[in-house]
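Overview (structure and organization)
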Amino acid sequence: MNLIALDNQERKQLYRLYDIKEFKKLAESSNVKGVFFVSIMKKNLNKITKNDINSFVEKMVLGEIDGNDKIITLFYETIIATFRKQFNKFDELAELLEHESYSSLKKEIKEIIESHRKEYESLNINFEYDALIRFLCEMTDEEMENKIIKKELDDAVEENVNLKKQNDELKESLEKYKDSDKLYNHCLKELEKTRKENQKYKDILVEDKIVFNLNEFIDIKSNNFTYSEAYRLFNDLESKYKNENDFNNLKKVLICKYTLIKSLEGEQNVNK
């Protein structure tokens, strides 16, 4: 039997078939001591889950960890027990294919295999019959080498796909940063523009310019205007310049009105 003969999806299907309780029973009845699982899998046998075994076996198949004969033997025995309960011809096929290569099966063996296909497929076991035959066969050195080469190629293709995905994500991020940079620079320009506008109005509203603007419309020294009289005068001037579209003088009048309002506000605060 050989798990390496199966592809990733087929191994996943096989991992689902066996009963973890059966695995633990076989482990307890064998010479595998309880401390063995603690030393290898960092758990007591009673705490071991099906996922723990599946993950451990898969890592062994992929060469990510060193193999362990006791665990893989228990795993195979559990799988055998599962198939044996459901498929009457399992032992016959297992014995027939034990030393046979799948790629060079003899005609008479293929005929025996085909004679049991219908029975197997009627059982609705979630594991393809052809995958079972490959699993039961022995892999030659050449088949093993080809399988390893294919896996390396598949890994390379998957890595290439992942790298392309990462590259696309990086490009997308760079485009977002470009847009963000453009927006940032635009905001800086708008901020500077607003700052200059604010400064412009601050300059307009400094005291000496306000007094100059008032003097341009009212002779402050020779006329004794009250705030109310001055405000009415500027209201009339505002209407006049607005009708004449004289925006330069209109702005000055509005500044004068603003000055009068601030003066009135200050006077009221003093009298409180």
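For every chain, the first residue of the written sequence is number 1, and numbering continues from 1 along that sequence. Residues qualify for local features only when their pLDDT is at least 70, as the model is predicted, and side-chain atom pairs are given and counted only at 80 or more; totals for whole chains, interfaces and linings, by contrast, use all residues. Side-chain metrics rest on all non-hydrogen atoms present in the structure, leaving aside hydrogens and water.

1. Considerations on the overall build of the chain
Strands here mean DSSP runs of E at least two residues long; helices mean DSSP runs of H or I at least four residues long; both are numbered from the N terminus. Scanning the chain from terminus to terminus reveals 12 helices and zero strands. Along its sequence from the N terminus, the chain presents helices and strands in the succession α-α-α-α-α-α-α-α-α-α-α-α. Counting across all 272 residues of the chain, residues that qualify as buried make up 31%. Considering only contacts within the chain whose residues lie at least 6 apart along the sequence, 66% involve residues at least 24 apart. Method for areas: the Shrake-Rupley scheme with a 1.4 Å probe, in which residue coverage is limited to the protein chains shown. When the accessible surface of the chain is totalled, it reaches about 19100 Å², and 51% of it is carbon and sulfur. Exposure is judged per residue with a 1.4 Å probe applied to protein chains only, and the accessible area is read against the type maximum: over 50% gives exposed, under 20% gives buried, and values in between give partly exposed. In this description, contact between two residues means that some pair of their heavy atoms is separated by no more than 4.5 Å.

2. Things to note about the environment of G67
Its place among the elements puts G67 in the loop between helix 4 (50-61) and helix 5 (69-86). Sequence separation between G67 and V57 is 10 residues, and the spatial gap between their C-alpha atoms is 8.3 Å.

3. Re the pattern of salt bridges
In what follows, salt bridge is the name for a side-chain nitrogen of Lys or Arg lying within 4 Å of a carboxyl oxygen of Asp or Glu. Following the criterion strictly, the structure yields 11 salt bridges and no others. A salt bridge links D52 to K43; the nearest nitrogen and oxygen atoms lie 2.8 Å apart. By relative accessible area, K43 is classed as partly exposed at 31%. Between K240 and E244 there is a salt bridge, with the nearest N and O atoms lying 3.2 Å from each other. Connected through salt bridges with shared partners, the residues E114, R117, E121 and D130 form a single ionic network.

4. Considering the confidence of the model for the chain
As a per-residue measure, pLDDT tells how confident the predictor is, with possible values from 0 to 100. Residues of the chain with pLDDT of at least 70 account for 73%, and the chain-wide mean is 79. Confidence, expressed as mean pLDDT per element, reaches its minimum in the chain at helix 10 (residues 207-217) with 55 and its maximum at helix 7 (residues 107-122) with 94.

5. Comments concerning helix 8 (residues 129-136)
Burial of helix 8 is extensive: seven of the eight residues sit out of reach of the surface. Of all the positions in helix 8, only Y129, A131, L132, I133, R134, F135 and L136 are classed as buried. Those residues of helix 8 that are buried lie in contact with helix 1 (8-17), helix 5, helix 6 (90-97) and helix 7.

6. So, the nonpolar core
By convention a nonpolar core is built from buried Ala, Val, Leu, Ile, Met, Phe, Trp, Tyr and Cys residues, the set being connected through side-chain atoms within 4.5 Å. One finds L3, F37 and F75 to be the most contacted residues of the largest nonpolar core, which totals 45 residues. Among the elements that take part in this core, helix 5 stands out by supplying eight residues, more than any other. Dropping the residues within four chain positions of it, F75 is found in contact with L3, Y15, Y18, F23, I53, N54 and V57. Formed by eight residues, the second largest nonpolar core is a distinct cluster that contains A230, F234, L250 and C256.

7. Details of the packing of aromatic side chains
Classification of ring pairs uses Phe, Tyr and Trp, with its six-membered ring standing for Trp, and accepts pairs whose centres are within 6.5 Å; under 30 degrees between planes counts as stacked, over 60 as edge-to-face, and the remaining range as tilted. Counted under the stated rule, the structure contains 10 aromatic pairs. On the basis of an interplanar angle of 70° and a centroid distance of 6.3 Å, the ring pair of F23 and F37 is categorised as edge-to-face. One end of the pair, F23, is in helix 2 (residues 20-29); the other, F37, is in helix 3 (residues 34-41), and 14 residues separate them in sequence. On the basis of relative accessible area, F23 is assigned to the buried category, the value being 0%. Since its relative accessible area comes to 1%, F37 is described here as buried.

8. Comments concerning a negative patch on the surface
Residues forming no salt bridge and having over 30% relative accessible area are the ones grouped into patches, like charges within 9 Å of each other and nonpolar side chains (Val, Leu, Ile, Met, Phe, Trp, Tyr) within 5 Å. Only four residue types enter the tally: Lys and Arg on the positive side, Asp and Glu on the negative side, with His and both chain ends excluded. For charged residues, the charge sits on one atom: NZ in Lys, CZ in Arg, CG in Asp, CD in Glu. Together, E92, E95, E98 and E138 give the surface a local cluster of negative charge. Among the structural elements, E138 can be located in the loop between helix 8 and helix 9 (141-204). With a relative accessible area of 40%, E138 lands in the partly exposed category.

9. Observations regarding unusual backbone geometry
Despite not being glycine, N124 has its phi angle at roughly 60°, a positive value. With respect to the helices, strands and loops of the structure, N124 is situated in the loop between helix 7 and helix 8. With relative accessibility at 69%, the residue N124 sits in the exposed group. In this model, N245 sits at a positive phi of 55°, which is unusual for a non-glycine residue. Tracing the backbone shows N245 in the loop between helix 11 (227-243) and helix 12 (247-271). By relative accessible area, which is 52% here, N245 ends up exposed.

10. A closer look at a nonpolar patch on the surface
A contiguous nonpolar patch, built from Y184, L188 and L191 and spanning about 330 Å² of accessible area, is present on the exposed surface. With respect to the helices and strands, the residue L191 is situated in helix 9. Assessed through its relative accessible area of 58%, L191 is described here as exposed.

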